[in-house]
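Examination of the molecular architecture
Each chain, letter by letter, is given below.
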Amino acid sequence: MAVALRGLTPLKRILWVLLWVASASGAVAAAAAPIRIGEINPLTGRLANHGIEIHEGILYAVEEANAAGGIGGRPLELVSRDDQSLAEVAVNQAEDLILREHVVDLVGGYVDAMVGPISQLAARYRTPYVASASLQRALTEGRPNPYFFRVSSLEGVTAPLSRFVLEVVQPGKVAILHAATPGATELSQELRERFDQAKLPLAMVEKFRPGTTDFSPFLLKVREAGVDVLIVNGFLADHLILVRQLRELRVPLKAYIGPWGVAYPSFTAELGAAADGLVGMCAWDPEITLAGTEAESQRLVEGFRRRFGKVPSTTSMHGYSSARALLAALQQVAASGRQPTGEALSQALRGLDLKLPMERLQFDAAGDPLTYQQVMVQIQNGRMLAVYPRERAAAEFKPMPPLD
Amino acid sequence: MWLQLLVNAFSLGSFYALIALGFALIFGVTHAFNLAHGELIILSGYLAYSLNVGLGVPFWGVFPPCMLVLMALMAALHGLLRLVKEPFELNSLVLTFGLALVLQNLMLWGFGADYKLLAAGGSAFNPSWLPVTVTRTQLVLIVLSLVGTAAVYLLLTRTYLGKALRATIQQREAARLAGIQVQRMSLAAFGMGGLLIGLAGPLFGRNAYLHPAGGTEATLIAIIITIFAGVGKIRGILIGGWLLGLVESFTAWLVGGSWRELVSAVILIVLLLKWPQGVLTGNRTRTLP
């Protein structure tokens, strides 16, 4: 610097010094500037219960990373947005996060009706998006979207569910009721195909609009048809009503299976003893964790309870896992000395291999998780116990007790 | 089977009628299109839930406090709506829409996003001479919808207050000229509407579920049934509720649950085209109050 200043007039020397100070302070500021992560979830509206759970999981992961010193010395800033359980709001919020808030990536999302449009925006603006809860095959099939990743997959639900029904429950007749949402419809179609292949009689498949409060005509048909296994691809609120009406109408079933919504402490708390015997699915629970991650799982449960005053649910863990994937990608990019551009982050996500309490997280070329698989659980005496697959089972499946 | 379907349909229709009664009364008298109606029902449901689950008050005991609290809230809403400038109908719509959003967020903050249920206690009735089950909740819904409708009907037709209310419904200006204090009638309608909303809330929590965002459906049901019945036709509310329940239940039974709303919507459109003043008002034209 001293060499550079030689031969300059005093005024030019002052200008040089001022310029140097300004650029140096700018560099320091850039190094300490927070990395902004955009999050979109249904924090209000019909899906708020699960949206808030996902948000808490993401927030916990970001706070954990900040407590450990951030990424490459830079703190993380989570910019959270509420999509109000509406697809059009989700799109507006995602666009705002990318264009105005200049976030480096996106995370969150519950239900494909919201995740789908956000994934398209991610591709358009080359901003990586890791969805917390998404199943629809169309989002990763066909035209590839190199900026879209998700921690869950339809196969991880369909495979254990169909095998459980065929191998363990062995029903006489099955009926499927599903919400008119993309993920629920696709799950029902997939199950139907698998049951057809296995020559299992499917008495009926019906759909309903989310928010329906009267299922009695359907349940009367179920009773009339002699169905003994009912699979309901709906949400927590639908199960609350269905189970009550099922008991009121005394529909005798061997198994009531709700892949989503049953395996939640809040569900068993609301239904009490009426929840006994119901079958659900979950990817994680304090007692159902990936082998080798028990200690990490326990630490997470304790930390989460301290932070939010409750035990994380399987949905919170989906949020946590998606945020951990993003953070790991950011870490990799920072360690390599590159800027966290969409391209660099997307590349890092594709090469990721994380062992998390919920799953070993690696993405395939389409952005789907390679090893995601849910576990069948049954509520027995108020406790949620894994009943399938056998290697993870803590109890045997018991047919539903007779309804009084 | 058919009998059971019929019982379920009438119970559902009674539930719809109870949801709509308060809305229809207030709309008839004041012309205030209360878009926060459903949220107020949910609020009453949450109050019932807090009393029943939190404090152990028996289910029947939650009705009086819920009705009184909602009556007070509706009186406050009446005061708020008095501040609204012309055009009243449009501005009250906007104001109550805003109120609905405020209530949703307040309930989200106060009660959380988890779904809540009011437990359906008591055993069902299974008469040995009929192949049908009538649950306590169904019985309560049918009885209370009949009692509620009859009470409002008798009040409107057999009391001086009721006659004054009807006069306000039929011709607001003429009622004013006849010496009826129209503002007091509006307050009375809001108060009575509050009592009916307070009555519907616990039943909503018992028949459906409570969630801060669950009020929109209830408001829609109330609007549909009020349009069907016609302004000021209280008996029409019950008949409208029952018909809607029957149409939905039999559609779900015959062609599947996904068709129920579509069939109901088509019927509503036809009714509106054929009887724009409401089915039970006949074809005579009338200026709305």
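Within any chain, residue numbers begin from 1 and follow the written order of that chain's sequence. Whichever chain is written first becomes A and whichever ligand is written first becomes 1, with later ones labelled in order. Residue-level local features of this predicted model are given only where pLDDT is at least 70; pairs of side-chain atoms are given and counted only at 80 or more, and the full residue set underlies all totals for whole chains, interfaces and linings. Note that water and hydrogens are dropped before the side-chain values are worked out from all heavy atoms of the structure.

Glancing now at the nonpolar core. Membership of the largest hydrophobic core comes to 201 residues, with the highest contact counts inside it found for F164, I231, Y256, I257, F267 and L278 of chain A. We count a stretch as a helix when DSSP gives it H or I for four or more residues in a row; a strand needs E for two or more, and each element gets its number in order from the N terminus. In terms of residue count, helix α1 (residues 2–30) of chain B provides more of this core than any other element does, 15 residues in total. Each domain's extent was defined by an automatic or database domain assignment. Here this core spans two domains, and each of domain 2 (33–152 + 290–361) and domain 3 (156–282 + 375–392) of chain A adds at least three residues to it. For this analysis, residues touch if any pair of their heavy atoms sits within 4.5 Å. Apart from residues no more than four positions distant in its own chain, Y256 of chain A is found in contact with L230, V232, H239, L242, V243, L246, V262, L278, V279 and M400 of chain A. Put simply, buried Ala, Val, Leu, Ile, Met, Phe, Trp, Tyr and Cys residues joined by side-chain atoms within 4.5 Å make one nonpolar core. Only protein chains enter the accessibility calculation, which uses a 1.4 Å probe; a residue whose area is less than 20% of its type maximum is buried, one above 50% is exposed, and one in between is partly exposed. Of all hydrophobic cores here, the second largest spans seven residues; its members include C282, I288, V375 and A386 of chain A.

Moving on: the sheet that holds strand β9 (residues 255–258) of chain A. All names here are of chain A. An order of β7-β6-β8-β9-β10-β13-β14 is seen for the seven strands of this open sheet, with the pairing classed as mixed. If you trace the sheet from one side to the other, it starts and ends with β7 (202–208) and β14 (383–388), each paired once. On average, each strand axis in the sheet is tilted by 25° relative to the strand beside it, whichever way the strands run. We treat two strands as partners when DSSP finds at least two bridges between them. By the bridge criterion, five bridges tie strand β6 (residues 174–179) to strand β8 (residues 229–233) in an arrangement that is parallel. The partner of L177 across the bridge, within β8, is V232. Contacts from helix α9 (residues 236–248) reach β6, β7, β8 and β9 within the one sheet, and its direction differs from that of β9 by about 170°. Orientation is described by axes fitted as lines to C-alpha atoms, over the contacting stretch for helices, and by angles from 0 to 180 degrees between their N-to-C directions.

Bringing the pattern of salt bridges into the picture now. Residue and element names in this part refer to chain A. For this document, the term salt bridge refers to a Lys or Arg side-chain nitrogen within 4 Å of an Asp or Glu carboxyl oxygen. The final tally for this structure, using the stated rule, is 23 salt bridges over all chains. The partner of R390 in a salt bridge is E167, and the shortest N-O contact between them spans 4.0 Å. Pair noted here: R390 is in the segment after β14 and E167 is in helix α6 (residues 155–169), with a separation of 223 residues, a long-range link. Taking relative accessible area as the criterion, R390 reaches 56% and is therefore assigned exposed. On the basis of relative accessible area, E167 is assigned to the partly exposed category, the value being 37%. Among the salt bridges present, the one from K221 reaches E206, with a minimum N-O distance of 2.5 Å.

Here the focus is the domain arrangement of chain A. Residues and elements named next belong to chain A. Domain boundaries in chain A define domain 1 (2–26), domain 2 (33–152 + 290–361) and domain 3 (156–282 + 375–392). For domain 2 and domain 3, the distance between their C-alpha centroids amounts to 29 Å. Of the residues lining the interface, 16 residues belong to domain 2; the matching set on domain 3 comes to 13 residues. Buried area, as used here, totals the accessible surface that two parts lose on assembly, with accessibility defined by a 1.4 Å probe and the loss added over both. Here domain 2 and domain 3 share an interface that buries about 1,200 Å² over both sides, 61% of which is from carbon and sulfur atoms. By the criterion of area lost to domain 3, the three top residues of domain 2 are L135, R137 and T314, representing 36% of everything that side buries. Here domain 2 and domain 3 share one salt bridge between them. Among the salt bridges present, the one from R137 reaches E190, with a minimum N-O distance of 2.9 Å. Polar contact is defined as a pair of N or O atoms within 3.5 Å, subject to the rule that within protein one atom must be able to donate a hydrogen and the other to accept it, and that residues adjacent in sequence are counted only when both atoms are side-chain atoms. Along the contact surface separating domain 2 from domain 3 lie three residue pairs in polar contact (both at pLDDT 80 or more). Secondary-structure elements contributing two or more residues to the side of domain 2 that touches domain 3 are α3 (48–67), α5 (112–125) and α12 (314–335). Broken down by element, the residue count for the side of domain 2 that touches domain 3 peaks at three residues, all from α3.

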